[in-house]
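# Residue-level structural notes
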Amino acid sequence: MDHSHMFPGVHPDLIVAGFTIVLAIIQIAWAVIARTNETGMKWNAGPRDTAASPPGVVAGRLARAQANLMETLPLFLGAVALVHLAGKQGDLSIWGTHLFLFARILYLPLYRWGVSGLRTLAWAAALVGLCMTLSALFV
């Protein structure tokens, strides 16, 4: 998990945080594309004066997955920032940040395709990664 050869001078936690923001951008785009496929480009690009139909199954799942990441993303980025401001980054924060990102990556397709049990496990793993990252501040 040492990314120093790709990003010299940048701690792996910060690289993972950056890739997590990339994941958030991908989730926003995927949800918007799915919804635009339902409503049409004319409605999406227009003033939206009339209400759109409720989202379909896929667009709804992608929007909920996006909202779920947006709920935890500030906490994750805050934890990474606090750990680095305190100079407490190390193995625990490295493992925690990686677990958070990889679990969130798994969460997205599992939610998209409606895989309930595994999706919940991926969400829980991301929460554990967030807690690991934050706990590095206290050890």
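For the structure itself, look to the data block above.
The present account deals with the structure reproduced in this document.

Thresholds, definitions, all that
- Residues numbered from 1 in each chain as written.
- Predicted model: local features only at pLDDT ≥ 70, side-chain atom pairs only at ≥ 80, totals over all residues.
- Heavy atoms only, no water.
- Helix = DSSP H or I, 4+ residues; strand = E, 2+ residues; numbered from the N terminus.
- Polar contact = N/O pair within 3.5 Å; in protein donor to acceptor, adjacent residues only side chain to side chain.
- Contact = heavy atoms within 4.5 Å.
- Core = buried A, V, L, I, M, F, W, Y, C linked by side-chain atoms within 4.5 Å.
- Buried < 20%, exposed > 50% of the residue type's maximum accessible area, 1.4 Å probe, protein only.
- Phe/Tyr/Trp six-rings, centres within 6.5 Å; stacked < 30°, edge-to-face > 60°.
- Lys NZ or Arg CZ within 6 Å of the ring centre and 35° of its normal.
- Axes fitted to C-alpha atoms, helices over the stretch in contact; angles between N-to-C directions.
- Parallel < 35°, antiparallel > 145°, perpendicular 65-115°, else oblique.
- Left-handed = near helix turned anticlockwise from the far one by under 90°.
- Nonpolar A, V, L, I, M, F, W, Y, C, P; charged D, E, K, R; others polar.
- Expected span 1.5 Å × (residues − 1).
- Arc of directions from axis to C-beta.

### Remarks on the side chain of Thr 20
The topology assignment puts Thr 20 in helix 1 (residues 12-39). One polar contact links the side chain of Thr 20 to the main-chain carbonyl oxygen of Val 16, over a distance of 2.8 Å. Among residues more than four places away in sequence, those in contact with Thr 20 are Leu 73, Phe 76, Phe 100 and Leu 101.

### As for the nonpolar core
One broad trend across soluble globular proteins is that nonpolar side chains are buried collectively. Counting 24 residues, the largest nonpolar core has Phe 76 and Phe 100 as its most contacted members. Those elements that place two or more of their residues in this core are helix 1, helix 3 (57-85), helix 4 (91-112) and helix 5 (116-135). It is helix 3 that provides the largest number of residues to this core, a total of eight residues. Every residue in contact with Phe 100, bar those within four places of it in the chain, is listed here: Thr 20, Leu 69, Thr 72, Phe 76, Ala 126, Gly 129 and Leu 130.

### A look at the side chain of Gln 27
In this fold, Gln 27 is placed in helix 1. Here Gln 27 is in contact with Ala 65, Gln 66, Leu 69 and Leu 108, once residues within four sequence places are set aside.

### Some thoughts on the packing of aromatic side chains
Considering all chains together, one arrives at three aromatic pairs under this definition. For the cation-ring pair, Arg 119 lies above Tyr 111, with the distance from its terminal atom to the ring centre recorded as 4.2 Å.

### Here's the deal with the packing of helix 1 against helix 4
Two numbers describe a pair of packed helices, the interaxial angle and the distance between the axes. Contact geometry for helix 1 and helix 4: axes closest at 9 Å, N-to-C directions at 15°. In terms of their interaxial angle, helix 1 and helix 4 are classed as roughly parallel. Taken as a pair, helix 1 and helix 4 cross one another with a handedness that is left-handed. Together, Pro 12, Asp 13, Val 16, Phe 19, Thr 20, Leu 23, Gln 27 and Trp 30 of helix 1 and Ser 93, Ile 94, Thr 97, His 98, Phe 100, Leu 101, Arg 104, Ile 105, Leu 108 and Arg 112 of helix 4 make up the contact between the two elements. A class-by-class count of the residues in the contact of helix 1 with helix 4 yields 10 nonpolar, five polar and three charged.

### A closer look at helix 5
An ideal rise of 1.5 Å per residue puts 28 Å on 20 residues; helix 5 measures up with 29 Å between its terminal C-alpha atoms. For helix 5, every residue scored as buried is listed here: Ala 122, Ala 126, Gly 129, Leu 130 and Thr 133. An end-on view of helix 5 places all buried positions within 100° of arc, on one side of the element. Away from its buried face by more than 90 degrees, helix 5 exposes Gly 117 and Leu 121.

### Remarks on the environment of Ala 136
Inspection of the secondary structure puts Ala 136 in the segment after helix 5. What makes Ala 136 buried here is its relative accessible area of 3%. For the pair Ala 136 and Gly 114, spaced 22 residues apart in sequence, the C-alpha to C-alpha distance is 34 Å. Leaving out residues up to four positions away in the same chain, Ala 136 has contacts with Val 83, Lys 88, Leu 92 and Ser 93.

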